[in-house]
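# Residue-level structure breakdown
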Amino acid sequence: MTIQSTKIKRRSFLKVSALAGGGMVLSFSWLAGCKPKMEEALGLPKEWFRMNGYIRIGENGLITLMSPNPEGGQNVKTSMPMIVAEELDADWNKVIVEQAPLDTDNFTRQFIGGSQAIRTGWTALRTAGATARQLLINAASQTWNVPASEIRTEPGFVIHSASNKKAHFGELATLAATLPVPEEVPLKEVKDFKIIGTSKKNVDVPKIITGKPLFGIDYKKEGMLYAMIIHSPTFGMKLKSFDESAARAMPGIRDVFQIKSLQDDYIRTFFDTVQFTDLIAIVGESTWQVLQAKKVIEAEWEIQDGYDEKRDTFGRDGIRVVPKGLESTDSQEQAMKLAANNPQTQRKDGNPEEAFRKAAKVIERSYTGPFLVHNCMEPMNFFAHVQGDKVECAGPLQKPELTELALSNRLGIPVENIEIAMTRLGGGYGRRSYAHWLIEAAVISQKMNAPIKLIYTREDDMTAGVYRSRYQATYRAALDENNKLIAFHVNAGGLPENPLYADRFPAGAVDNYLAEGWEVPSNITTGSFRAPRSNFMASVEQSFLDEVAEAAGKDPIDFRLELLQKANTNPVGERNDYDADRYAKVLELVKEKANWGSPAAGVSRGVSAYFCHNSYAAQVLDLKIVNGEVQIDKVTNAIDCGLVVNPDAAKNLCEGAVVDGIGTAMFGELTFQDGVVSKSNFDQYRQIRMKEAPKSIETYFVENGLDPSGLGEPAYPPVFAALANALYKATGTRFYDQPFINQLNS
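None of the values given here were measured: they were computed from a predicted structure.

## Points about the overall build of the chain
From N to C terminus, the chain includes 17 helices and 35 strands. Here the C-alpha atoms of the chain give a radius of gyration of 28 Å, agreeing with the 27 Å that 2.2 N^0.38 yields for 746 residues. Each of the three principal axes of the chain carries a C-alpha extent, and together these read 80 × 70 × 50 Å. Taking as baseline every contact in the chain between residues at least 6 positions apart, the subset at least 24 positions apart corresponds to 77%. If you sum the accessible surface of the chain, you get close to 29,600 Å²; carbon and sulfur atoms cover 48% of it. Side chains of the chain carry 83 positive and 92 negative charges; the gap between the two charge centres is 3 Å.

## Re the environment of Leu564
Position of Leu564 relative to the elements: it lies in helix H13 (residues 556-569). Between the C-alpha atoms of Leu564 and Glu86, which are 478 residues apart in sequence, the distance is 36 Å. The contact partners of Leu564, leaving out residues within four places of it in the chain, are Phe505, Tyr578, Ala580, Tyr583, Ala584 and Leu587.

## Details of the nonpolar core
Within the largest apolar cluster, 93 residues are counted, with the highest numbers of intra-cluster contacts made by Leu407, Ile444, Tyr467, Leu621, Ile662 and Leu723. With near-sequence residues (within four places) excluded, Leu621 lies in contact with Ser604, Arg605, Gly606, Ile632, Lys634, Val635, Ile662, Val719, Ala722, Leu723 and Ala726.

## Focus: the pattern of salt bridges
The tally for this structure, following the rule as stated, stands at 48 salt bridges. Note that Lys566 is salt-bridged to Asp511, the shortest N-O span being 3.1 Å. One end of the pair, Lys566, is in helix H13; the other, Asp511, is in the loop between strand E28 (485-495) and strand E29 (512-519), and 55 residues separate them in sequence. Note on Lys566: relative accessible area 22%, which makes it partly exposed. Linking Arg582 and Asp640 is a salt bridge whose minimum nitrogen-to-oxygen distance equals 2.7 Å. Here Asp640 lies in strand E32 (residues 629-640) and Arg582 lies in helix H14 (residues 580-593), a separation of 58 residues in the sequence. Across the pair, exposure class does not vary: Arg582 and Asp640 are buried alike.

## Considerations on the sheet that holds E28
With mixed pairing, five strands are arranged side by side in an open sheet as E21-E29-E28-E27-E22. Each end of this open sheet is capped by a strand with a single partner; those strands are strand E21 (344-349) and strand E22 (361-369). Direction aside, the axes of adjacent strands within the sheet are offset by 10° on average. Bridging between E22 and strand E27 (residues 470-479) involves nine bridges; their strand directions are antiparallel. Directly across from Arg365, in E27, lies its bridge partner Tyr475. Along the sheet, helix H7 (residues 329-340) makes contact with E27, E28 and E29, crossing E27 at roughly 40°. Packing against the sheet, helix H12 (residues 534-551) makes contact with E22, E27 and E28, and its axis sits at approximately 25° to E27.

## Some points on the environment of Ala650
Along the chain, Ala650 falls in helix H15 (residues 647-667). Among the residues examined, Ala650 registers a relative accessible area of 4% and is labelled buried. Taking the C-alpha atoms as reference points, Ala650 and Ile639, separated by 11 residues in sequence, lie 9.8 Å from one another. Not counting the four nearest positions on each side in its chain, Ala650 is found in contact with Val644, Phe701 and Leu711.

## Some remarks on the sheet that holds strand E31 (residues 615-626)
The sheet built from four strands is open, its strands ordered E30-E31-E32-E35 with mixed pairing. Unpaired on one side and paired on the other, strand E30 (604-612) and strand E35 (696-701) mark the two borders of the sheet. Adjacent strand axes in the sheet meet at a mean angle of 15° when their direction is disregarded.

## Comments concerning unusual backbone geometry
In this model, Gly465 is joined to Val466 through a cis peptide bond whose omega is 10°. Here the residue pair Gln738 and Pro739 is connected by a cis peptide bond, since its omega of 0° sits within 30 degrees of zero. Tracing the backbone shows Pro739 in the loop between helix H16 (718-731) and helix H17 (741-744). Unusually for a residue other than glycine, Asp89 sits at a positive phi of about 65°. Topologically, Asp89 is positioned in the loop between helix H1 (76-88) and strand E8 (95-99). Its relative accessible area of 4% is what places Asp89 among the buried residues.

Cut-offs and rules
- Residues numbered from 1 in each chain as written.
- Predicted model: local features only at pLDDT ≥ 70, side-chain atom pairs only at ≥ 80, totals over all residues.
- Heavy atoms only, no water.
- Helix = DSSP H or I, 4+ residues; strand = E, 2+ residues; numbered from the N terminus.
- Rg over C-alpha atoms; globule rule 2.2 N^0.38 Å.
- Contact = heavy atoms within 4.5 Å.
- Areas by Shrake-Rupley, 256 points an atom, 1.4 Å probe, with all protein chains shown as cover.
- Lys, Arg positive; Asp, Glu negative; His and termini not counted.
- Charge placed at Lys NZ, Arg CZ, Asp CG, Glu CD.
- Core = buried A, V, L, I, M, F, W, Y, C linked by side-chain atoms within 4.5 Å.
- Buried < 20%, exposed > 50% of the residue type's maximum accessible area, 1.4 Å probe, protein only.
- Salt bridge = Lys/Arg side-chain N within 4 Å of Asp/Glu carboxyl O.
- Pairing = 2+ DSSP bridges.
- Axes fitted to C-alpha atoms, helices over the stretch in contact; angles between N-to-C directions.

As structure tokens, then:
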């Protein structure tokens, strides 16, 4: 049994108080997401709906948990309350979870990103549940006049077996609320878990499929006006003038005017990423009216000078160089080639130069990855109502805690006067981290002195960024006369971001290792995309390792396992950021579950494995070429993400990652011509179709009892290379440039 302190980092972690209507409120300042249940099942004291950051236990035994983190399909609103309910020993059928608004007084890290919700909330959520359970036991001890050590709990009840006394949590909640919070509480052993490790259904699903208003696009308020924006159609240009006279004369149009979303002298934080800040705003009485008015506005744009953008990246001052010019895909390629010739060394082990000179065989290959667009199903949108020095907002965003600061700065209104209600996200994966549309909505509302619902069209979103960077990598491997890997060199960079993780595998597994990186400034805005940087590096690294294994005459899984064995028993360097033993175990598991040595007749298969976001994933992909088209029969996943809280939800995340990754690898591509995006809607930007998804996806988890780690992103990066390696087996041709469809169709 683990004894956990209820104090974290010198501050009180938990507070307890009574409700006016009876019952207990257990407040804590580090909850990171929970799950809603049917509120209709039991009546709720009205007071419960007016509080944030707490566990609530009513006199009827109902338990309510607030969910501070946004829900974007990763299922934290189910999995995180399972953690609390486990330690509380709650009856799962009597648990309700409500979405909390932004509340930085009660919560920290109130955002989605980095596959960190379960990992960072694990101890805090367990402690919250365990503390509430101990308070209920102490209340029973005082009520029944028996030692607390003789009292136990079972789901929803406190029991003293010797006296045959039993009470449901609600009967003891009011007294428990008056008792002091214990300084330490026992946490359950993994073997005693009853809720964690079992599959619980996401109760939002019935509301989603029946069209209940959960998403930002659904949000409405009386008197609300609708707004859209027009931004420059070209990266590298800004607004010069516009003629709105025709639009003003159209039915329902209230106003058309220019806005500045962020001031030029504003020091931007990491997520204040937006290229177009000089915008035309159109406001009207309906979305349709505004959309029609938008079409008749005539705007003139001019070349923008280059400038240095001041940045504050989590406390580190920096500069983003924004060059002048209209970029094209061809000119970007030339700039990247020049930069690759002048890289910066990020890691060097041994003497790779000498090893390459003495090598019996050298393999060198180059890979490219294009700009990618997120294409969230739900259009970007936000509601804002600025009334004097008060701001009310509602909508889908990933980083409300950080966006609030930018909004406060732009409006000149204190943070404490801003309220942000978080709706469910209709897709995110990084795109909704950069919530400039919230600021735009608020600026428009302030100008109009009215509640505003800002909505982006698909074209607005796809042509304004924020995109995944364009990447390039060149790998070299040196083999000796015995086909042993003696040197490894990677030169990787991007426009405008360097994707290289210098301390990841095969760093630590090769005596002579060199990692070099570079980047090219650009005026095209880029940012987080599912599994940032890893989504490219995994695809190219794992493709290259397959080719090296073939050159060495070795099975691709055995080749990787040999390298991991060296990294485990005799690692090179001290900065390796992966656990070689855990890495090897996912490869061994996928080898077993996919029946690697005996593929089905007519099937071509590829393997890939990668570590990112604190977790490990290995995949085997089986495909056939049928009538010239790729048919993916099966993908087998092996995942080590520590303890799995909700198996069904975990499998869903992995299945979604596989389908998403295959679609991106096959079809995802965005190019530019003189600063103009090549594709602006789904009729041009190819997405994966249902018939192209794998016929079967099987997912297996390594059972090691370790604390949970990330899962929303880790299963995404390796599937790119598993597909590329399988395509090579099927076609006899290696795939070096994404999207793969270009090569298949050539």
